[in-house]
Structure formats: structure tokens, C-alpha cells
Amino acid sequence: MPRRRIEKTRADELLDELLEDYQGPEAILGKDGLLKQLSKRLVERALQAELGHHLNHEQQSNNVQVESQAELVRNSRNGYSAKTVQGDLGQIPLQIPRDRHSTFEPVLVPKGQRRLAGLEEKVIGLYARGSSTRDIQAHLQELYGVEISATLISQVTDVVIEEVRQWQSRPLEPVYPILWLDALVVKVRDNNRVCNKAVYLALGVNLEGHKELLGIWLSQTEGAKFWLGILTELKNRGLQDVFIACVDGLSGFPDAIEAVYPQTQVQLCIVHLVRNSLKYVPWKQQRQVAAELKLIYQASTVEQAEDALTTFAQKWDSRYPTISQLWLRHWEQIIPFFNYPADIRRAIYTTNAIESLNRSLRKVLKTKGSFPDDESVVKLLYLVLRNIARKWTMPIRDWKAALSRFAIEFPDRFPQ
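The structure contained in this document is the topic of the report that follows.

Conventions used here
- Residues numbered from 1 in each chain as written.
- Predicted model: local features only at pLDDT ≥ 70, side-chain atom pairs only at ≥ 80, totals over all residues.
- Heavy atoms only, no water.
- Helix = DSSP H or I, 4+ residues; strand = E, 2+ residues; numbered from the N terminus.
- Buried < 20%, exposed > 50% of the residue type's maximum accessible area, 1.4 Å probe, protein only.
- Contact = heavy atoms within 4.5 Å.
- Areas by Shrake-Rupley, 256 points an atom, 1.4 Å probe, with all protein chains shown as cover.
- Phe/Tyr/Trp six-rings, centres within 6.5 Å; stacked < 30°, edge-to-face > 60°.
- Pairing = 2+ DSSP bridges.
- Salt bridge = Lys/Arg side-chain N within 4 Å of Asp/Glu carboxyl O.
- Arc of directions from axis to C-beta.
- Axes fitted to C-alpha atoms, helices over the stretch in contact; angles between N-to-C directions.
- Left-handed = near helix turned anticlockwise from the far one by under 90°.
- Nonpolar A, V, L, I, M, F, W, Y, C, P; charged D, E, K, R; others polar.
- Patch = residues over 30% accessible without salt bridge, like charges linked within 9 Å, V, L, I, M, F, W, Y side chains within 5 Å.
- Lys, Arg positive; Asp, Glu negative; His and termini not counted.
- Charge placed at Lys NZ, Arg CZ, Asp CG, Glu CD.
- 1 Å grid on protein atoms, 1.4 Å probe; cavity = no way out; pocket = protein on both sides within 12 Å on 5 of 7 lines; lining within 4 Å.
- Points joined across faces, edges and corners; volume = space filled by probe spheres on them.
- Polar contact = N/O pair within 3.5 Å; in protein donor to acceptor, adjacent residues only side chain to side chain.

Secondary structure summary: the chain contains 17 helices and nine strands in total. When burial is assessed residue by residue, the chain has 44% of its 416 residues classed as buried. Within the chain, counting contacts between residues at least 6 apart in sequence, those at least 24 apart form 65% of the total. On the chain, roughly 23,900 Å² of surface is accessible, and the fraction owed to carbon and sulfur atoms is 50%.

Below is the structure:
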């Protein structure tokens, strides 16, 4: 009989023996069920194997010299110490083996660690989905019988902060053809009162067409001056050129971009513009107005877009004159994408990327009344964005055609 089949047969026989007195789910999954007992035995056996490996390695390399004696004394096992750790199945009491010279450092359950691997990942995963500390405690208690404190949850998630610092200062590629710049608002407690703060996001597309979040920043309000500081930081981290920057209608934003990247085309975010336009329209007429605004930004050429805007103004200026004036005021930042063929405008201009990102963030943020401090905001958003970025495996649509167009439009700036 083949060896693999023999091993499988033995494993099946062992399982049958373990389940011989099976009396229901509680016997396996309960507080002192079979799984918990097996976990305890498995961890303790692994620790015994670790100590055995340590002693063998020590014997082969160096014997330990005690005090000033020349006599060489061989290290050996020296009983156990009791330790209770938190795991997926609740609290597990363990017997940690010791050696006579106290040189053994367990890897599976390091000294000072009170949690088995796996629990921290569950805490961070729940936190990244917007679960509150109380929700995480209840979830782990209900599913695994694990009781953990709010302090422990905070300590587990605080480990992410150092990762955030390294991520936030990492070097960037020299060219990102497209860069979306946007901000959203969160509530943060500051000096015993809750106030609104702006979270700044910079989302780039690299030369391979993959989306990449370049950083997260917080400020009291959204302003062009703060954006200027962010753009300067991006340049210091290695980003030397951007072909098109997609932004909202914030006053002074184009000037801030030009100060750092003078050759960059500034493209106004149409979604923001339409949203701002509809603020002046009653709900019953918003669908009709939005449909006629679409005729402007979906026109084939700049001339057709200008004609559509004129037609819109003639029809709606008597009731909503602010809308056409808003579009005319930003016209120079609206029209850059008309330079590109219609079939690749979506790839080089679309705001779907940043809008989709913001929707995912707001879905989590709406579960939070307010944050205790700025660090907790960055910590949560980083974890959420890390989960979102795992789905960015494919280049954005029509990227090869867009890249070819960029090579034609910017021959001197396009990297070889």
C-alpha cells in the first residue's frame, strides 16, 4: 500500500477514535471541547520540539560555562512554567518548557506574549470594517468565547501606526500620468469638543495603469495652502511629473498645482461640479437638469460643449442663473479632456476611481460617531484602504490606448 494512503488511513483511524464518544457540537466546539484540548496539546508539543531543537543546536555549537569554573556544563530541560494565552478558542492554559540555563526563547509563544497568532488578525480585520471596540469584544466573545479588553484591542490596532508611518514616507515613482486629489470630512474630538476635520487623499495611476494611494493627511479644513504642502511632500518623495490632475472646484487649487507641477493639466472633477450645480435645484427637477448637464460634458468636442452650455443657459438661467455661471467660471479646467478621443476619455479623466474610493470610506465612517484623535482616524482609514487596494489587481480600463495617447501628447516628458 502506498505510504500516503497508509498515512491517510492512520489519520482517519485517529479521528474515529477521538470522535468515538461524540455527543454533539459542544463536545468539539465548547468551552473545554475537543478542539481546545487539541490546540493545547499541539502547542505544547510544538514548544517541546522547539526546546529540543534549541538544546541540540546549543550542544553542537557551544557548551555553556558556569561562573568562573573551567568545567563545561551541558544544558538540559528544567521543568515547566504555567502561562495562559488568548486564542481563537478562548483562554488556553499552557505548560511552557524551560531549560536549565534559561537561554531558550520560544518562537510559537514568545516571552511576554499573551495571544496566539491569529487573534490579532481577527481584531484588525474587524476594526478595518468599522466595528467599534464594543462590537469587536462582543463578536469574539460570541464566536470564540474570547474575552478581551478595550485596552488590548487598542494595543493590537496601535501596531499599525508604525506601518502607516513607513507607508506614508515611502519613495514614489517619478511619473504618475493621472493624479486624483480629493478630501472628505470626519468628526474628531479635539479639546473636549467634536469638530469637523478634512481628510486629504491623493490617488495616482502609475505607468502600468494600476491605482495607488499615495498618502493620507488631516487638517482642520480643506484649503489650497494645505494642498500645496501635500504636493510639495509628494515631490520630495520622488514624484517628479503628473500629466493630468483631477481636482474639485476648490478656490486656488489649480494655482497650488501649478506652483509644484507647472506642466500639469488641471481637470476639474465633473462629479463635484454636477453635485454643486444641483444644490440650487429643487429635488423634483434635479433629474432633468442633470440630464441636460450631461449633454455638456459628454459632447464630442469643445465647440459642441460650448453650444450645449449656451443652450442650457438659455433654458435655465431665468430660474437657476448660478449654474451656468459656475460652469463658465471653471471652463478652463473643464475642457482638457476634450483633447482626447472619446473612447479613452474614461481612462484618462474619469472620477469613478476616487468616487468609488470615497464611497467605500464613507460606508465605514458612517458607523463612527466621532474619533477620539487624529491618529485613530488615520489608523482606521489606512486599514480600510489597505483592504480596498487588495482588489486593485488589474489596470484601469482602456489603459494601453490612454498610455499611447500620453506618449503622443507629452513626448518630452514621457519616460522611455
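Still more to cover.
For the rest of this paragraph, the subject is the packing of aromatic side chains. Taken as a whole, this structure holds eleven aromatic pairs when the rule is applied. Considering the side-chain rings of Tyr200 and Trp227, the 4.8 Å spacing of their centres and the 80 degrees angle between planes classify their relative orientation as edge-to-face. Taken as a pair, Tyr200 in strand S6 (residues 193-205) and Trp227 in helix H7 (residues 224-236) lie far apart in primary sequence, 27 residues in all. Both residues of the pair, Tyr200 and Trp227, belong to the buried class. With a centroid separation of 6.5 Å and an interplanar angle of 25 degrees, the aromatic rings of Phe243 and Phe414 are classed as stacked. With Phe243 in strand S8 (residues 241-247) and Phe414 in the segment after helix H17 (399-409), this pair connects stretches of sequence that are 171 residues apart. Given a relative accessible area of 0%, Phe243 falls into the buried group. Grouping aromatic residues by their ring pairs yields a cluster made of Phe243, Trp399, Phe406, Phe410 and Phe414.

Along strand S7 (residues 211-219), eight of the nine residues are buried, which leaves the element largely enclosed by surrounding structure. Across eight bridges, the pairing between S6 and S7 is antiparallel. The partner of Val199 across the bridge, within S7, is Leu218.

Our next topic: the pattern of salt bridges. Enumeration over the complete set of coordinates arrives at ten salt bridges. A salt bridge links Arg386 to Glu163; the shortest N-O distance between them is 3.0 Å. Note that Arg386 is positioned in helix H16 (residues 374-389) and Glu163 in helix H6 (residues 150-168), a separation of 223 residues in sequence. Note on Arg386: relative accessible area 25%, which makes it partly exposed. You can call Glu163 partly exposed: its relative accessible area is 32%. Measuring nitrogen to oxygen at the nearest pair gives 3.6 Å for the salt bridge that ties Arg237 to Glu233. Owing to a relative accessible area of 10%, Arg237 belongs among the buried residues under this scheme. Its relative accessible area of 26% is what places Glu233 among the partly exposed residues.

The complete set of buried residues in helix H8 (residues 253-260) reads Phe253, Ala256, Ile257 and Val260. Along H8, the residues classed as buried sweep out an arc of 95 degrees about the axis, all on the same side. Looking at H8, the residues exposed on the side facing more than 90 degrees away from the buried face are Asp255 and Ala259. The secondary structure elements touched by the buried residues of H8 are strand S5 (175-190), H7, S8 and strand S9 (265-268).

A few words now on the environment of Ile161. By secondary structure assignment, the location of Ile161 is in helix H6. Placed 221 residues apart in sequence, Ile161 and Tyr382 show a C-alpha to C-alpha distance of 9.2 Å. Not counting residues within four places of it along the chain, the set of residues in contact with Ile161 comprises Glu375 and Lys379.

Looking now at the sheet that holds S9. The strands making up a sheet associate through backbone hydrogen bonding, with each pair oriented either parallel or antiparallel. As summarised here, the arrangement of the five strands in space is S7-S6-S5-S8-S9, forming an open sheet in which the pairing is mixed. The sheet terminates laterally at S7 and S9, the two strands that pair on one side only. This sheet shows a mean twist of 25 degrees between the axes of neighbouring strands, independent of strand direction. Contacts from H7 reach S5, S6 and S7 within the one sheet, and its direction differs from that of S7 by about 135 degrees. Against the sheet, H8 touches S5, S8 and S9, its axis set at about 170 degrees to S8.

Two elements in contact, helix H9 (residues 270-278) and helix H10 (residues 283-297), have axes separated by 10 Å at closest approach and are oriented at 145 degrees. In the packing of H9 onto H10, the handedness of the crossing is right-handed. Here Ile270, Val274, Ser277 and Leu278 of H9 lie close against H10, whose contacting residues are Gln286, Val289, Ala290, Leu293 and Tyr297. The class makeup of the residues in the contact of H9 with H10 is seven nonpolar, two polar and no charged.

This paragraph deals with a positive patch on the surface. Residues Arg359, Lys363, Lys366 and Lys391 make up a contiguous surface patch of positive charge. Considering the arrangement of structural elements, one finds Lys363 in helix H15 (residues 352-365). In this structure Lys363 comes out as exposed when scored by relative accessible area, which is 58%.

Here the focus is empty space enclosed by the protein. All told, the structure shown has one cavity of 30 Å³ or more when counted by the stated rule. As a volume, the largest cavity reaches approximately 40 Å³. Lining of the largest cavity is provided by ten residues; of these, Leu181, Cys246, Cys269, His272 and Ile354 occupy positions nearest its centre. When contributions to the lining of the largest cavity are tallied by element, the ones reaching two or more residues are S5 and S8. Counting residues per element, the lining of the largest cavity draws most heavily on S5, which supplies three residues. The residue makeup of the lining of the largest cavity, split by class, is six nonpolar, two polar and two charged.

Moving on, we come to the side chain of Gln267. Along the chain, Gln267 falls in strand S9. For Gln267, a relative accessible area of 1% corresponds to the buried category. Within polar-contact distance, the side chain of Gln267 engages the backbone oxygen of Gln333 at 3.3 Å. In terms of polar contacts, Gln267 uses its side chain to reach the backbone carbonyl oxygen of Ile334, at 3.2 Å.

That is the geometry; function is a separate question.
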